Amino acid sequence: MQATHPVSNKIAIAFDFDDTLVSDSYNELIKAMGYEPKTFRDERYYPLLEKGWDGIPARFHTVVEESRRRPESEKITRSFLKNFGQKLTPFPGVPEMFERLRQVASDIDNKIEIEFYLISSGFIDIARCTSIAKHFRAMWGCEFHFNENDEVVCPRRTVTHPEKVRYLYYISKGIDSHSEDDLSFIYQDVSVDELYMPINQMVYVGDGTSDLPCFATLNQSGGTVIGVYKEGSPYQWAKEYQVTPSQRVHNLALADYSEGSQMMRSLVLTVESLCKQIQLKQLSLEQA
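Residues numbered from 1 in each chain as written. Predicted model: local features only at pLDDT ≥ 70, side-chain atom pairs only at ≥ 80, totals over all residues. Heavy atoms only, no water.

**Brief notes about the overall build of the protein**
Keep this limit in mind: Strands are runs of DSSP state E lasting at least two residues, helices are runs of H or I lasting at least four, and both sets are numbered from the N terminus onward. We call two residues in contact whenever any of their non-hydrogen atoms come within 4.5 Å of each other. Surface exposure here means Shrake-Rupley accessible area, sampled with a 1.4 Å probe, where a residue is shielded only by the protein chains that are shown.
Secondary structure summary: the protein contains eleven helices and seven strands in total. Pairs at least 24 residues apart make up 63% of the contacts formed inside the protein by residues separated by at least 6 positions. In the structure as shown, the protein presents an accessible area of about 14200 Å², 47% of it carried by carbon and sulfur atoms.

Next up, the structure:
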C-alpha cells in the first residue's frame with residue numbers, strides 16, 4: 001500500500017477571458033459593429049433580459065439579429081469575427097506572461113510542466129482568433145453556428161456559469177476535446193492515482209460572477225484562486241460580487257500582468273509554491 005500522495009509534474013492555470021485577459025469582448029464587438037455599447041445594450045440586450053431571457057442566449061441573439069439587418073456585404077461572418085479577434089488587444093503583460101511563468105517553473109525544476117487553459121462563458125470563436133490563443137492547450141466557451149455562407153445564425157454551444165466547473169474536471173482527467181460522451185466519464189469516481197492532474201495543482205484566474213462556481217470548486221479541492229478587477233478597488237470588487245466564504249480568492253489583483261505587478265507576483269508565487277509541493281512529493285519516489 002502506498003503511504004504517500006501520487007505525483008503529477010503538471011500545473012494547470014485556467015483563465016476566464018472577458019475582463020480577465022482582455023476587455024469585455026461583447027462590448028468591443030458592439031463597437032466593431034458600429035455602435036456605442038451602452039446604447040446597444042439598453043436598446044437590444046436589456047429588453048430581452050426584461051422578457052426573461054438568460055444573458056448568454058440574449059447576447060447571441062443581438063449579434064445574429066444585427067447580422068440579419070445588414071446588407072449581404074456586411075454580414076457578421078466567421079471572417080468578421082476572425083478579423084475582430086485578431087485585433088483584440090490583451091491587457092498589459094498578458095502576451096509575455098505565459099513564457100515568464102514557464103520559466104519560473106523551469107528554474108525550479110525543468111521536469112515540471114505548466115499548461116494553460118481558457119474557460120469562458122463568452123464567444124470562444126473570438127478568443128480562438130486572438131494573438132494569445134496559441135498558448136492554450138484547450139479553450140472552451142460559447143460558440144456560434146454558421147450557415148453555408150459563414151454567417152452567424154444561432155448558438156451552437158453555450159457554457160453557463162455553473163457549467164464552467166465541468167471543464168476543471170476535464171483538465172483533471174486529461175480531456176482536451178468537447179464531447180457530450182465525456183459527461184458520464186468526468187463525473188465518475190476516478191482514483192487519484194489515475195488522474196492526469198490533481199485539482200489541487202490547478203490555478204483559476206477570473207474576474208467575477210461567471211467565475212464564482214469555479215472559485216468554490218477549487219477552494220473545496222485545495223486549488224488556488226486569483227481574482228481580477230479591471231478598475232476601482234479590491235473593496236469595491238468584494239462589495240459588488242458579495243462572495244461567500246467558499247468563493248473567496250487567495251489574492252485579488254488589478255488586470256495588469258506586467259512583470260512586477262501585483263497580478264504577476266501573485267501568479268509567480270503560486271507557481272513557485274506548487275513547484276515546491278511537487279518536489280516534496282517527488283522525494284517519496286526516490287525512496288521507493
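**Concerning the nonpolar core**
For clarity, the cut-off: To qualify as a nonpolar core, a set must consist of buried Ala, Val, Leu, Ile, Met, Phe, Trp, Tyr and Cys residues joined through side-chain atoms within 4.5 Å. In this scheme, a residue with accessible area under 20% of its type's maximum is buried, one over 50% is exposed, and one in between is partly exposed, where area comes from a 1.4 Å probe on protein chains only.
Membership of the largest hydrophobic core comes to 82 residues, with the highest contact counts inside it found for Ile-13, Phe-15, Leu-101, Val-205 and Tyr-257. Ranked by residues supplied to this core, first place goes to helix α11 (residues 262-286) with eight residues. In contact with Val-205, other than residues within four places in its own chain, are Ile-13, Ala-14, Phe-15, Asp-16, Thr-20, Ile-226, Val-228, Tyr-257, Met-263 and Leu-267.

**Quick notes on helix α5 (residues 94-108)**
Put simply, the rule is: To estimate how far a helix should extend, the number of its residues minus one is multiplied by 1.5 Å. Taken from the helix axis, the directions to the C-beta atoms give the arc we talk about.
Taking 1.5 Å of rise per residue, the 15 residues of α5 would be expected to cover 21 Å, and the 22 Å separating its terminal C-alpha atoms lies within 8% of that figure. Listing the buried residues of α5 in full gives Val-94, Met-97, Phe-98, Leu-101, Val-104 and Ala-105. In a view along the axis of α5, the buried residues occupy a sector of 130°, so they form one face of it.

**Brief notes about the environment of Phe-116**
In this structure, Phe-116 sits in strand β2 (residues 113-123). Along the primary structure Phe-116 and Arg-137 are separated by 21 residues, whereas in three dimensions their C-alpha atoms are 5.9 Å apart. Each residue touching Phe-116, except ones within four places of it in the same chain, is listed here: Ile-13, Phe-15, Phe-98, Leu-101, Arg-102, His-135, Phe-136, Arg-137 and Ala-138.

**A look at the environment of Arg-166**
Quick note on the threshold: Each polar contact in these results corresponds to two N or O atoms within 3.5 Å; when the atoms are within protein, one needs to be able to donate a hydrogen and the other to accept it, and residues that are neighboring in sequence are counted only if both atoms are side-chain atoms.
In this structure, Arg-166 sits in helix α7 (residues 164-172). For Arg-166, a relative accessible area of 8% corresponds to the buried category. Expressed as a C-alpha distance, the spacing of Arg-166 and Cys-214, which sit 48 residues apart in the sequence, is 9.1 Å. A distance of 3.0 Å separates the side chain of Arg-166 from the side chain of Tyr-170, its partner in a polar contact.

**Looking at the side chain of Thr-224**
You can see Thr-224 is positioned in strand β6 (residues 224-229). Apart from the residues lying within four places of it in its own chain, the contact partners of Thr-224 are Met-202, Val-203, Tyr-204, Leu-218, His-250 and Thr-270.

**Some thoughts on α7**
Across the nine residues of α7, eight count as buried, placing the element largely inside the fold. Of all the positions in α7, only Lys-164, Val-165, Arg-166, Tyr-167, Leu-168, Tyr-170, Ile-171 and Ser-172 are classed as buried. Looking at the residues trailing α7, positive phi occurs at Gly-174, about 80°.

**Here's the deal with the sheet that holds strand β3 (residues 138-146)**
The strands making up a sheet associate through hydrogen bonds between their backbones, and the pairing can be parallel or antiparallel. Under the convention used in this document: Here a strand pair is declared whenever DSSP counts at least two bridges between the two strands. Orientation is described by axes fitted as lines to C-alpha atoms, over the contacting stretch for helices, and by angles from 0 to 180 degrees between their N-to-C directions.
One open sheet accounts for seven strands, arranged β4-β3-β2-β1-β5-β6-β7; its pairing is mixed. Edge positions in the sheet fall to β4 (152-157) and β7 (251-254), since each has one partner strand and no second. In this sheet, neighbouring strand axes are inclined to one another by 25° on average, regardless of whether the strands run parallel or antiparallel. The strands that α5 touches are β1 (10-15) and β2; relative to β2, the one it contacts most, it runs at about 150°.

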